[in-house]
Amino acid sequence: MKFFHTADWHLGKLIQNVYMTEDQQYMLERFLRDIETERPDAVVIAGDLYDRAVPPTDAVSLLDRTLQRIVLELKTPVIAIAGNHDSPSRLNFGSGLMKAAGLHIAGEFDPGAAPVALRDAHGPVHFHLVPFADPAAVRLALRDETIRSYDGAMAAIAERIRGSIDSAARHVLVGHAFVTPRGEAEPNTSDSERPLSIGGTEHVSAAHFRGFHYTALGHLHQAHFVGSETVRYAGSPLKYSISEERHQKGYLIVELDGEGNAAVEKRLLVPKRDMRTVRGYIEEIERQAPSDDYIYVRLLDEQPVLSPMERVRSVYPNAMHVERELAMQQVAAAAENGTSAGAKAGMDMLTLFRAFYLEAKGAEASAETESLFLAALKDIENEEVERHDAGTADDDGVRAV
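How each quantity is defined
Residues numbered from 1 in each chain as written. Predicted model: local features only at pLDDT ≥ 70, side-chain atom pairs only at ≥ 80, totals over all residues. Heavy atoms only, no water. Helix = DSSP H or I, 4+ residues; strand = E, 2+ residues; numbered from the N terminus. Buried < 20%, exposed > 50% of the residue type's maximum accessible area, 1.4 Å probe, protein only. 1 Å grid on protein atoms, 1.4 Å probe; cavity = no way out; pocket = protein on both sides within 12 Å on 5 of 7 lines; lining within 4 Å. Points joined across faces, edges and corners; volume = space filled by probe spheres on them. Nonpolar A, V, L, I, M, F, W, Y, C, P; charged D, E, K, R; others polar. Expected span 1.5 Å × (residues − 1). Arc of directions from axis to C-beta. Contact = heavy atoms within 4.5 Å. Core = buried A, V, L, I, M, F, W, Y, C linked by side-chain atoms within 4.5 Å. Axes fitted to C-alpha atoms, helices over the stretch in contact; angles between N-to-C directions. Left-handed = near helix turned anticlockwise from the far one by under 90°. Polar contact = N/O pair within 3.5 Å; in protein donor to acceptor, adjacent residues only side chain to side chain. Pairing = 2+ DSSP bridges.

**A short note on unusual backbone geometry**
1) Next: Here the phi dihedral of R39 falls at roughly 55 degrees; this positive angle occurs in a residue that is not glycine.
2) Next: Its place among the elements puts R39 in the loop between α1 (21-38) and β4 (42-46).
3) Next: A relative accessible area of 44% means that R39 is categorised as partly exposed.

What follows is the structure in structure tokens.
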């Protein structure tokens, strides 16, 4: 059986005030073209179809058109789950009606749900859908008070599936989680993916997926396998932050033979616009060949540059961010000395102002500038005292608010 493994479409994504819908449509058109050419037996989407629980109308329309093309026109079953960015109830709506057409979506975790059963020349392949759910939801659904972490939740779910598994079938688990080889904490490879929990309790051990012929994962945006080559992330099909600049984006083509052995091929998707960093002096950048790519610029100029974004966008109209490398180095050095904004809890206002001024101007504030800031701060404090004094008690002794 051959199926496409994809994940983390994040339709409706907004980056630096730019909606990525046009780029996502371009990407999906090429994905559809590959489906039409390759004729897979199924398409697996391992969560985060949308970027937010209430996506914009354009994103909903794009997903609707894409699924209609795959399922109704190309007659290819789609097997999808909700990720942590999706609204489980919204994706679950109408799922029972859509199964008959070949669209299988699991929005909410259901411990009694049957696997999606497809067949090929070698027999049945069962797809076990495990949508994203926090430990509390799994604990309630399974009535297991011992479940207190994402790792514990996945362990309980996987064990429950294995307990009722059909030995005559091949088995694919579709999940959305932060999986590491032994459940140890690892840094995310993308700034665009929000953490599942605070304090490092989000990580899940890859050992829980033993017994499955393939595990199709979503959540992490870089394609890779975890522990075993049959436990894989497809990664996102587009770059969604500059931290993903070096990622090779696309999807996976998975083929299961009659014994359940999985052969995996990475297929790249060329974007409409790349996302990359350009580093240089402003005068050099202004002489470069124009490009519509999403550009993050690091200026090497030692002195502040007047209207840098306007000048950069004369060459790169879709430039998203401009920063001076020297200024960022100065801010980093200040942070090491405990003087940057946020480096210490409870900083005084003057310290915060100095850090902000250094980041914005690339130089330290003069004594005169600091005096002006302190004078303005004093005026604000005096106004607050006057408003406080004006809030005198009313006739019943209750202070007016």
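**A look at empty space enclosed by the protein**
1) Next: For the structure shown, the criterion picks out 1 cavity of 30 Å³ or more.
2) Next: Volume-wise, the largest cavity comes out at about 120 Å³.
3) Next: In terms of lining, the largest cavity is formed by 15 residues, of which the most central are A133, Y150, M154, H176 and A177.
4) Next: Tallied by class, the residues present in the lining of the largest cavity amount to 13 nonpolar, 1 polar and 1 charged.

**What to know about helix α2 (residues 57-73)**
Along an α-helix, a turn takes 3.6 residues, which lines up residues three or four apart on a common side.
1) Next: Its 17 residues give α2 an end-to-end C-alpha distance of 23 Å, which sits within 8% of 24 Å, the value for a rise of 1.5 Å per residue.
2) Next: Restricting attention to buried positions, one finds in α2 the residues A59, L62, L63, T66, L67, I70 and V71. Considered in projection along α2, the buried side chains sweep an arc of 140 degrees and stay on one side of the axis. Counted as exposed and oriented over 90 degrees from the buried face of α2: T57, D58 and E73.
3) Next: Against the buried residues of α2 lie α1, β4, β5 (78-81) and β6 (103-106).
4) Next: Just downstream of α2, K75 is the residue with a positive phi angle, here 55 degrees.

**With respect to the nonpolar core**
1) Next: In terms of nonpolar packing, the biggest core is built from 36 residues, with L11, F31, I35, V43, I45 and V78 touching the most fellow members.
2) Next: At the level of elements, α1, β4, α2, β5, β6, β15 (250-256) and β18 (294-299) are the ones that each hand at least two residues to this core.
3) Next: Counting residues per element, this core draws most heavily on α2, at 6 residues.
4) Next: In contact with F31, not counting residues within four places along its chain, are F4, T6, W9, V43, Y251 and L269.
5) Next: Core analysis: the next-biggest nonpolar cluster, separate from the first, contains 28 residues, V179, V204, A206 and F209 among them.

**Remarks on the packing of helix α5 (residues 135-142) against helix α6 (residues 150-163)**
1) Next: Contact geometry for α5 and α6: axes closest at 9 Å, N-to-C directions at 35 degrees. In this structure, α5 meets α6 at a crossing whose hand is left-handed. Across the interface between the two elements, P135, V138 and L142 of α5 pack against Y150, A153, A156, I157 and R160 of α6.
2) Next: Along the lines of polarity and charge, the residues of the contact of α5 with α6 split into 7 nonpolar, no polar and 1 charged.

**Let's talk about the side chain of H5**
1) Next: Position of H5 relative to the elements: it lies in strand β1 (residues 2-6).
2) Next: Here Y214 takes part through its side chain, which lies 2.9 Å from a polar atom of the side chain of H5.
3) Next: A polar contact of 3.1 Å, which involves the side chain of H5, links it to the backbone oxygen of L217.
4) Next: Ignoring any residue separated from it by four or fewer positions in sequence, one finds H5 in contact with V44, A46, Y214, A216, L217, R232, Y233, A234, Y251, L252 and V254.

**Quick notes on the layout of surface pockets**
1) Next: If you add up the space inside the largest pocket, you get close to 570 Å³.
2) Next: Looking at the largest pocket, it is lined by 28 residues, and the ones nearest its centre are D110, A113, A114, P115 and L129.
3) Next: Contributions of two or more residues to the lining of the largest pocket are made by β6, β8 (123-130) and α6.
4) Next: Of the residues that constitute the lining of the largest pocket, the class distribution is 15 nonpolar, 8 polar and 5 charged.
5) Next: Here the second largest pocket defines a volume of roughly 370 Å³.
6) Next: Every residue lining the second largest pocket is counted, 19 residues in all, and those nearest its centre are D64, L67, M98, L103 and I105.

**Considering the environment of L129**
1) Next: As for its placement among the helices and strands, L129 is situated in strand β8.
2) Next: You can call L129 partly exposed: its relative accessible area is 22%.
3) Next: Residues L129 and A106, spaced 23 residues apart in sequence, show a C-alpha to C-alpha distance of 6.5 Å.
4) Next: Apart from the residues lying within four places of it in its own chain, the contact partners of L129 are I79, A80, I81, H104, A106, V116 and V174.

**Overview of the side chain of D23**
1) Next: Relative to the helices and strands, D23 resides in helix α1.
2) Next: Contacts of D23, omitting those with residues within four sequence positions, involve L238, K272, R273 and Y294.

**Concerning the sheet that holds β5**
1) Next: The strand order β6-β5-β4-β1-β15-β16 describes an open sheet built from 6 strands, whose pairing is mixed. The outermost strands of the open sheet, each flanked by one partner alone, are β6 and β16 (262-268). When the angles between neighbouring strand axes are averaged without regard to direction, this sheet yields 20 degrees.
2) Next: With 4 bridges joining them, β1 and β4 adopt parallel strand pairing. Residue pairing for β4: F4 is matched across the bridge by V43.
3) Next: Sheet strands in contact with α1 are β1, β4, β15 and β16, and its direction is about 170 degrees off that of β1.
4) Next: Taken strand by strand, α2 contacts β4, β5 and β6, and its axis lies near 145 degrees from that of β5.

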